[in-house]
Amino acid sequence: ACTNNTGKVLPHNNRSAHLNIDNINNIMVFSTAIAFMGGNAKQIDAQEYEQKMREDHPQLLQHDENIVFAFKGRGGKGRDSSMFTTKRLLIRDKRGMTGKRVRYVSVPYKSIRAFCVETNGSLDTDQELKIYARGIGKLSMDFVNNVNVIAIHRFLSAVVIQGKGAGADAAGGSFVHDGGVNMAGDTGFLDLMGSNYSQIDKHQMEETLKRSSILLDDEQVELAFQCNRDSFIMTSKRILKIDVQGITGKKVEYLTILWPAIKGFSVETAGNIIDRDSELTLFFNLPDIPSCAEGFPRNSRTRMKIDFRDGKADLFAVQKYIADKLIGVDTMPSSKYANGMIGQYDHGSGSFLAWIGDDNRMIDAADADRKFHTDPPILQNCETVEMAFRGRRDMILFTGKRLIFVDIQGFLGMGKKVEYLSVPWTTVSAFSVRSAGSWVDKDSEMCLWLDFDDVFNPRRNNEDDPPPPPIPRKSWVELDFQKDKVDLMVIHRYLSERCMRVNHHLKPCNVPVSPDTMRPSGAMENLMNWIGNNAAAIDAKAVEAQFRESNIIQPDEHVAFAFKTGRDSLYFTNKRIFLIDVQGFTGKRKEYMSIPLDMIRVWSLESAGHFDRDMELTVWFKGFWGNKVKQDLRNGKADIVAIQKFIAHFVIGNADGETALQQAAAAESRGSSMDKLLSFLNNNATIEDPALMTETLRTSPPILQEDESIDAAYKCGRDLFIISTKRIIVIDRKGITGKSTEWKSFPLMYNKAFWVETEGHMLNGSELKVYTDDDDIKQGLAKGQNDSIWTIHELLSTKMLDEKHEEIGDSEIELSGGSSFLSPDQQVTSAPIMASVYQPQPFTFQVQLPANVSPGMQLQVQHPQTGQMLLVIVPDGVPVGGLFNVSI
């Protein structure tokens, strides 16, 4: 019998309805329990939650920031929440037993390089969102099954992709399909087993995706491919991969990758008989959790491989389309330094050792240009091969826009399978050339540091062996040249032109240099510095004259600092950090490494201590393999303050120097004496006066720029954590006496995401963490300074969410280059091409004496017309703030 809550027997006609209500209630209870246990988030009212956040934490959201979507964890019963605002993804994570400590994670939309939504399936009822953001890596969120993840996908498409679509005028918009390619998109059994895609009608795919609200209103499908239920689509704004999962196909994953995340690509033609598919490989930077698993890449999202069924996709049309997206369709000026070897017949390597070592030799660039414009059509119509090389069977092409590796596969290169790998010059972060040695090593090399994480963890040969070291794969590329067939300095000048940015548009740079740096050293001091590999300053003007005579630097490039240690040397120019490493017993083998100043992401300088008598310079540049350079400098023979100011000038010189605080509040140390003692024991920082810190860092030592000031400063024992208007500075005093001090700078423009955490019970003070592409920054604050963490939150939010200055790689990059100085009828021989020697014209200009410089001291100034860095002596009688003339 069926009874109601009172125990009375229900009439027969009411029993069925009551059973249905009970079943629905049971299902709802079960679903809620599953959502609670699985941590699935439930959507809540965004406006109500925004009002609550503004009342509870007025400094969390900016005044012009609104919450669009809000979710609460564990089916709406949890204590954590996530918010999609108009500017960022904001995660509220309560921590600890009581939940008093709350972490607020901020991920600006400009840091997101890819995102993925996954709908629920028949058995798997939860839905998922994955976000790949620079610095912080991959973030995953699970939702209950009634959340509209397609609406979230469309919202992210609008805030992340809008305005970031690369190559809006690419050839894809006017792509004409080859009539010989079958557009049916049918998938046979072998194609299904091999996941081979076939090209399909892009208009039909666009109509389907827009009907499903996957694409933006102004987004067009330009190429579309399908393999059974899965699709690979290239639109005017992104790459979209659709993965239909499960037996029923109800569960669907939509992966979006932004075009700026693509750093290189390769196409591979079909082979003979067995290998019947062609391939497309995309190299990109999707931040993910690093892995040390053997046999797997360090980053699982570093490559995407798409197989095409032979005859079902126009591979070279796909290659041309992606090239237009990544390197643009505009004409690039010809190089002034390319040695094209025009009219030079290729007689082969002429050496058995060079053939065995697969060393490359120069060949006629004009022949290669004609070949790869037609058979196969790899090059753009406006693209020209400027230098070409051939190894045993493979080729390397230098064009005005990219580097192309041609890998001919199969036995003795007789197979049909050929891979064409394209690397835009904008992907090259640093480069070096290495001359040949004297004895066994007879080949020269070129090394390139590329801007994508392709590091791989190989498997060990035997179970008892230690894990083998990782290998860089395409993150760092080394190419061998036949020394008597390639002019290495021509390669160096060509790479300098293609890989270094020339238009800094910076304010004049006035860097005072201590006159003691050029003081002669004694014999014992020289010996100790030689043993410690410590570099000492040498005459930069003499070095520049020598470099210009050898045509090593560019005509508008000038040496600012020069250091030498033993046979090796380090130079700072207005375009790069230049290192010369003399190797081998005879010193004949030399490596010339160039790091463009635009590629510097973090730098630090460490003064000498009592026992550690050398100073240290460390620079982290953009890259994923060996992207740190460290050099010891001789104490008293290098002005580290001048070096620090020089690097800051070229890295953050154009950054906004205005304060990010709406109201600058006076510093006030909070907390009881016991709190301060516990903070000292726990290594937590206490607040310092920003105005006083600004005054201090303008004089002792003078590391701040003229338009730079301190917004927040915190002292932790002897160390300091400082947020200026342009960067984060971490000052670490080392040793017993603290005489050795490290000054490490993190430009705010390169910070990607951050979190702040309020203080908890007992000893837990507030904390913060800032994510960068290199070293992350984490700092704890003292107990009783909860207001300070909100000040830091306001600073970082303003700089990361509202900052207009973009880093290299986010905006269009102008490569150096100009019209060739050779007439069309001139024939270039194998002799190196030398640029005309730079002849500066006589010129007089005035310099204002800075506050921390006295008459008789050396002052480094920048020529107002050429940008050349000059070392001048301040004449007697010039007052502070006074003007004096400089004539050159």
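For the structure itself, consult the block above.
Residues numbered from 1 in each chain as written. Predicted model: local features only at pLDDT ≥ 70, side-chain atom pairs only at ≥ 80, totals over all residues. Heavy atoms only, no water.

**Student:** Would you explain the packing of aromatic side chains in this entry?
**Tutor:** The way to describe two aromatic rings as a pair is by their centre distance and the angle between their planes. The tally for this structure, following the rule as stated, stands at 31 aromatic pairs. When the ring of Phe84 is compared with that of Phe155, the centres are 6.4 Å apart and the planes differ by 80°; the resulting orientation is edge-to-face. Of the two residues, Phe84 is situated in strand β3 (residues 81-85) and Phe155 in helix α3 (residues 149-161); the sequence distance between them amounts to 71 residues. Since its relative accessible area comes to 0%, Phe84 is described here as buried. Residue class for Phe155 comes out buried when judged on its relative accessible area of 14%. Aromatic ring contacts, followed pair by pair, group Phe69, Phe71, Phe84, Tyr109, Phe143 and Phe155 into a single cluster. Its guanidinium or amino end placed over the ring of Phe372, Lys371 lies 5.5 Å from that ring's centre, counting from NZ or CZ. Here Arg576 stacks its cationic end above the ring of Phe578, 5.2 Å away from the centre of that ring. (Phe/Tyr/Trp six-rings, centres within 6.5 Å; stacked < 30°, edge-to-face > 60°. Helix = DSSP H or I, 4+ residues; strand = E, 2+ residues; numbered from the N terminus. Buried < 20%, exposed > 50% of the residue type's maximum accessible area, 1.4 Å probe, protein only. Lys NZ or Arg CZ within 6 Å of the ring centre and 35° of its normal.)

**Student:** So what exactly am I meant to see when it comes to the pattern of salt bridges here?
**Tutor:** Proximity of charged atoms lets side chains of opposite charge pair with each other. Within this structure, the stated rule accounts for 40 salt bridges. Among the ionic pairs, Arg101 bridges to Glu757, the shortest N-O distance being 2.7 Å. In this pair, Arg101 is assigned in strand β5 (residues 101-108) and Glu757 in strand β41 (residues 753-757), connecting sequence segments 656 residues apart. Here the two residues Arg101 and Glu757 agree in accessibility, since each one is buried. The salt bridge involving Arg576 is made with Glu557; its shortest N-O contact spans 2.7 Å. Here the residue Arg576 occupies a position in strand β31 (residues 576-583), and Glu557 occupies one in the loop between α11 (540-550) and β29 (559-565), the gap between them amounting to 19 residues. Of the two residues, Arg576 and Glu557, neither departs from the other in class, the shared state being buried. Among the charged side chains, a network of salt bridges with common partners joins Asp93, Arg95, Arg101, Arg103 and Glu757. (Salt bridge = Lys/Arg side-chain N within 4 Å of Asp/Glu carboxyl O.)

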